[in-house]
Amino acid sequence: MNHKGSVKMLRILGLLFGVTLIAACGEADSSTESTVADSGEVTTVANAVVDKVEQVTEAAGAAESEGVWGDIAYGDPNAPIEIIEYASMTCPHCASFSSSIFPKVKEKYIDTGKVRFLFRNLVTNQVDLAASTVARCTNQEVAQKLTKEFFAKQRDWGTSQDPISALAGIARKAGISRTQFDRCLANTEMHKNLVKIGQDGVKEFNVEATPTIIVNGNKLDNYGLEAIEKAVEAAL
């Protein structure tokens, strides 16, 4: 896919994003909180737009049955405590959480069998939708790796004049060819799936910002390590 092709795909993804959820990056307050449309209305409009997007991307032959459709999961499925993170791939606070907080949570709680950690996307723009789609292209292991790498290199691809090609370069190092990348990016069923993941987060947990952390069903006031440790220790 050349630069013009990348721009065209971003415009297509933008059509879909135009009726998805909007969330602020960072803790929700009066300065960052954005209004989220009624989920039923969003779903109805999104489905109509996706039908049009499918007509454009059908030729790409997306493999709709492949990929990680649910949570990107870490740790023992039988762990006594469940932590859910709602995040946007273009959110700097989420990138910071990925690099500085998540490794400590993993070492202290996930690797010791105390916590099952579930990563869920809440897309906030068309580039976010592209990165989120590609990260889920194959399996759990690759999804974990690409999520980490996309966050680590967020500044590079996020400020690139051609973010799609920049993302493709990162994905290539994870074993995803450009052909596979393009097919994955065109997967409109995954686009709709990602929209629904965000909608469900808003309905179930009143997610208003990214990152948002849920510990055993309870939304934390902030995503700091101290708040997470306090909630986990209280639940043990």
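Residues numbered from 1 in each chain as written. Predicted model: local features only at pLDDT ≥ 70, side-chain atom pairs only at ≥ 80, totals over all residues. Heavy atoms only, no water.

## Looking at unusual backbone geometry
Move 1: The amide bond that connects threonine 210 to the next residue, proline 211, takes the cis arrangement and shows omega of -5 degrees.
Move 2: Within the chain, asparagine 206 stands out as a residue other than glycine whose phi angle is a positive 55 degrees.
Move 3: Note that asparagine 206 resides in the loop between helix 9 (188-205) and strand 5 (209-210).
Move 4: Phi is positive for asparagine 216, close to 50 degrees, though the residue is something other than glycine.
Move 5: Note that asparagine 216 resides in the loop between strand 6 (212-215) and strand 7 (218-219). (Helix = DSSP H or I, 4+ residues; strand = E, 2+ residues; numbered from the N terminus.)

## Comments concerning the pairing of strand 4 (residues 115-121)
Move 1: When you tally the buried positions in strand 4, you get six out of seven residues, the bulk of the element.
Move 2: In terms of handedness, the path from strand 3 (residues 81-87) via helix 3 (residues 92-110) over to strand 4 forms a crossover that is right-handed. (Buried < 20%, exposed > 50% of the residue type's maximum accessible area, 1.4 Å probe, protein only. Right-handed = clockwise from strand over helix to strand, strands pointing away.)

## A look at the sheet that holds strand 4
Move 1: With respect to topology, five strands assemble into an open sheet ordered 2-4-3-6-7, the strand pairing being mixed. Each edge of the sheet is formed by a strand with only one pairing partner; in this case those strands are strand 2 (72-74) and strand 7.
Move 2: Bridge count between strand 3 and strand 6: four bridges; the pairing is antiparallel. Among the inter-strand pairings, glutamate 85 is bridged to a residue of strand 6, identified as isoleucine 213.
Move 3: Helix 5 (residues 140-152) contacts strand 2, strand 3 and strand 4 of the sheet and is inclined by roughly 95 degrees relative to strand 2. (Pairing = 2+ DSSP bridges. Contact = heavy atoms within 4.5 Å. Axes fitted to C-alpha atoms, helices over the stretch in contact; angles between N-to-C directions.)

## Points about the pattern of salt bridges
Move 1: Scanning all chains against the criterion turns up seven salt bridges.
Move 2: Between arginine 178 and aspartate 182 there is a salt bridge, and its shortest N-O distance comes to 3.0 Å. Residue arginine 178 and its partner aspartate 182 are both found in helix 8 (residues 178-185); the two are separated by four residues, about one turn of the helix. Of the two residues examined, arginine 178 and aspartate 182, each falls in the buried class.
Move 3: Put simply, glutamate 189 and lysine 192 hold a salt bridge, and the shortest N to O gap is 2.9 Å. Here lysine 192 and glutamate 189 lie together in helix 9, a separation of three residues that amounts to about one turn.
Move 4: With a relative accessible area of 23%, lysine 192 lands in the partly exposed category. (Salt bridge = Lys/Arg side-chain N within 4 Å of Asp/Glu carboxyl O.)

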